[in-house]
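# A closer look at the structure
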Amino acid sequence: MSASAAPRVAIVTGVSRRIGIGAAIARRLAATGTSLFLHSWEPHDADQPWGADSNGAELLVEELTATGARVEHAAADFSEPTAPASILNQAVGVFGHIDILVANHARSSRQNLDQLTCEEIDLSYAVNTRASMLLVKEFARQHSGVTPGRVILMTSGQHRGPIPDELPYIASKGALHQLTISLAAHLAPRNITVNTIDPGATDTGYADDQLRREVIAHEPMGRWGEPDDAARLVSWLTGPDASWVTGQVIVSSGGGP
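In this text, all values refer to a predicted model and were calculated from it rather than measured experimentally. (Residues numbered from 1 in each chain as written. Predicted model: local features only at pLDDT ≥ 70, side-chain atom pairs only at ≥ 80, totals over all residues. Heavy atoms only, no water.)

## With respect to the overall build of the chain
Note the threshold: Helix and strand definitions here come from DSSP, where helices need a minimum of 4 consecutive H or I residues and strands a minimum of 2 consecutive E residues; each element is numbered from the N-terminal end. The globule rule used here is 2.2 Å times the number of residues to the 0.38 power, and the radius of gyration it is set against is calculated over C-alpha atoms. We call a residue buried when its accessible area falls under 20% of the maximum for its residue type, exposed when it is over 50%, and partly exposed in between, using a 1.4 Å probe and counting protein chains only. Contact definition: two residues touch when any of their heavy atoms are within 4.5 Å. Each accessible area is a Shrake-Rupley result for a 1.4 Å probe, and residues are judged covered by the shown protein chains and nothing else.
On a plain count of helices and strands, the chain comes out with 8 helices and 7 strands. Its C-alpha atoms give the chain a radius of gyration of 17 Å, near enough to 18 Å, the size a compact globule of 257 residues would have. Considered along the principal axes of its C-alpha atoms, the chain spans approximately 55 × 35 × 35 Å. Burial statistics for the chain: of 257 residues in total, 50% are counted as buried. Considering only residue pairs separated by 6 or more positions, the chain has 76% of its internal contacts joining residues 24 or more positions apart. In the form shown here, the chain has an accessible surface area of approximately 12,000 Å², with 54% of it arising from carbon and sulfur atoms.

Structure below.
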């Protein structure tokens, strides 16, 4: 970025936990001089076995602001149909224009076929699929095309092996996988690239000891992924060197399943 150029601005969703991928992405982008509008929804984590990181997003804002980054934050429940547009409108209201959208948020649920409920299917699609699509729509609407736009979606490993105990999650994440190439084709004439990352098994504090051992046993590099592994890829995809890369679902898993 030249001295006269305005800082890029990124929206990063799903930053409720400071040990999560979203927080690592925010740190990486802030280090490049990117201004940030962060989204979180702490009640989702409070309902999960790993629990909430109390005031995690607010503390992350303080951490990044102390480094000199310009950072704003808003909480929103993406199961609400109007929440994606609200987040985009708030971000544009603060910064004027958004250059990067990283849709990192996710609703996690553990339901196999016998446990499956209509409620969980609908919630997973609302948060993981519908909200991501609407965020992309609103991002594209405000994008001028004068500067490059970047969209990063996040999927899971559902295309690389069975995950029978998380059906609502993998169905809704699989939809993002399949949407990537079509969104990229639609937005390419508007100077926007669209790519999706599958970060593989990433140590964000959700795994118990047994799962940690099972994953490591199948990891060629002998370790879990770290949040910064995905964050480094996001940083590259949002930069100028990735301007010719679009419509891709990139597996960043250290060669693991």
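Anyway, onward from the coordinates.
## Observations regarding the pairing of strand S2 (residues 35-40)
As a reminder of what qualifies: Strands are treated as partners if at least two bridges between them are detected by DSSP. Whether a crossover is right-handed comes down to one check: with the strands pointing away from the viewer, does the path from the first strand over the helix to the second run clockwise; if it does, it is right-handed.
S2 sits mainly inside the fold: 6 of its 6 residues count as buried. Burial along S2 is two-sided: Ser 35, Phe 37 and His 39 and Leu 36, Leu 38 and Ser 40, pointing in opposite directions, are all buried. In the sheet, strand S1 (residues 9-12) pairs with S2 via 4 bridges, with the strands oriented parallel. Its bridge partner lying in S2, Ala 10 is registered against Leu 36. Following the backbone out of S1, through helix H1 (residues 21-31) and into the adjacent parallel S2, one traces a crossover that is right-handed. Where S2 lies against strand S3 (residues 71-75), 5 bridges are found, and the strand directions are parallel.

## As for the environment of Ala 30
Secondary-structure assignment places Ala 30 in helix H1. The class for Ala 30 is buried, based on a relative accessible area of 13%. Through-space distance from the C-alpha of Ala 30 to that of Ser 16 is 17 Å; in sequence the pair is 14 residues apart. Aside from chain neighbours lying at most four places away, what touches Ala 30 is Leu 36, Leu 64 and Ala 69.

## Considering the packing of H1 against helix H8 (residues 227-237)
Which entries qualify depends on this criterion: As a rule, the C-alpha atoms of each element are fitted with a line to give its axis, helices using only the stretch in contact, and angles between N-to-C directions run from 0 to 180 degrees. When describing relative orientation, an angle under 35 degrees is termed roughly parallel and one over 145 degrees roughly antiparallel, while 65 to 115 degrees is termed roughly perpendicular and anything else oblique. When the near helix sits turned anticlockwise from the far one by under a right angle, the crossing is termed left-handed; a clockwise turn instead gives a right-handed crossing. Any residue that is not Ala, Val, Leu, Ile, Met, Phe, Trp, Tyr, Cys, Pro, Asp, Glu, Lys or Arg is counted as polar, Gly included; the first ten are nonpolar and the last four charged.
Here H1 crosses H8 at 45 degrees, and the two axes come no closer than 8 Å. With respect to H8, the axis of H1 lies oblique. The interaxial crossing formed by H1 with H8 has right-handed handedness. Residues Ile 21, Ala 24, Ile 25, Arg 28 and Leu 29 of H1 touch H8, and the partners they reach there are Pro 227, Asp 228, Ala 230, Ala 231, Arg 232, Val 234 and Ser 235. Grouping the amino acids of the contact of H1 with H8 by side-chain chemistry returns 8 nonpolar, 1 polar and 3 charged.

## Quick look at the pattern of salt bridges
Here is the rule: Just to be clear on terms, a salt bridge is a Lys or Arg side-chain nitrogen sitting within 4 Å of an Asp or Glu carboxyl oxygen.
For the coordinates displayed, the defined rule picks out 11 salt bridges. Ionic pairing is found between Arg 212 and Asp 203, a salt bridge with its closest N-O pair at 3.0 Å. One connected set of salt bridges, linked through shared partners, spans Arg 28, Arg 223, Asp 228, Asp 229 and Arg 232.

## Quick look at the sheet that holds S1
Read from one edge of the open sheet, 7 strands run S3-S2-S1-S4-S5-S6-S7, paired in parallel fashion. In this open sheet, the two edge strands, each paired with only one partner strand, are S3 and strand S7 (249-251). Mean inter-strand twist for the sheet, computed between neighbouring axes without regard to direction, equals 15 degrees. Against the sheet, helix H5 (residues 118-142) engages strand S4 (100-103), strand S5 (149-154) and strand S6 (192-198), with an angle of about 175 degrees to S4.

## What about the side chain of Ser 172?
Its location among the elements puts Ser 172 in helix H6 (residues 167-187). According to the relative accessible area criterion, Ser 172 is buried, its value standing at 0%. Sequence-distant contacts of Ser 172, that is, excluding residues within four places in its chain, are made with Ser 124, Tyr 125, Asn 128 and Thr 129.

## What to know about H1
Counting buried positions along H1 yields 8 of 11 residues, so the element is predominantly enclosed. Each element contacted by the buried residues of H1 is listed here: S1, S2, helix H3 (56-66), S4, S5 and H8. With its phi angle positive at about 90 degrees, Gly 33 sits one or two positions after the end of H1.

## Topic: the environment of Gly 161
Looking at the element boundaries, Gly 161 is found in the loop between S5 and H6. Residue Gly 161 is classed as partly exposed on the basis of its relative accessible area of 26%. Counting along the chain gives 133 residues from Gly 161 to Arg 28, while the straight-line C-alpha distance between them is 30 Å.

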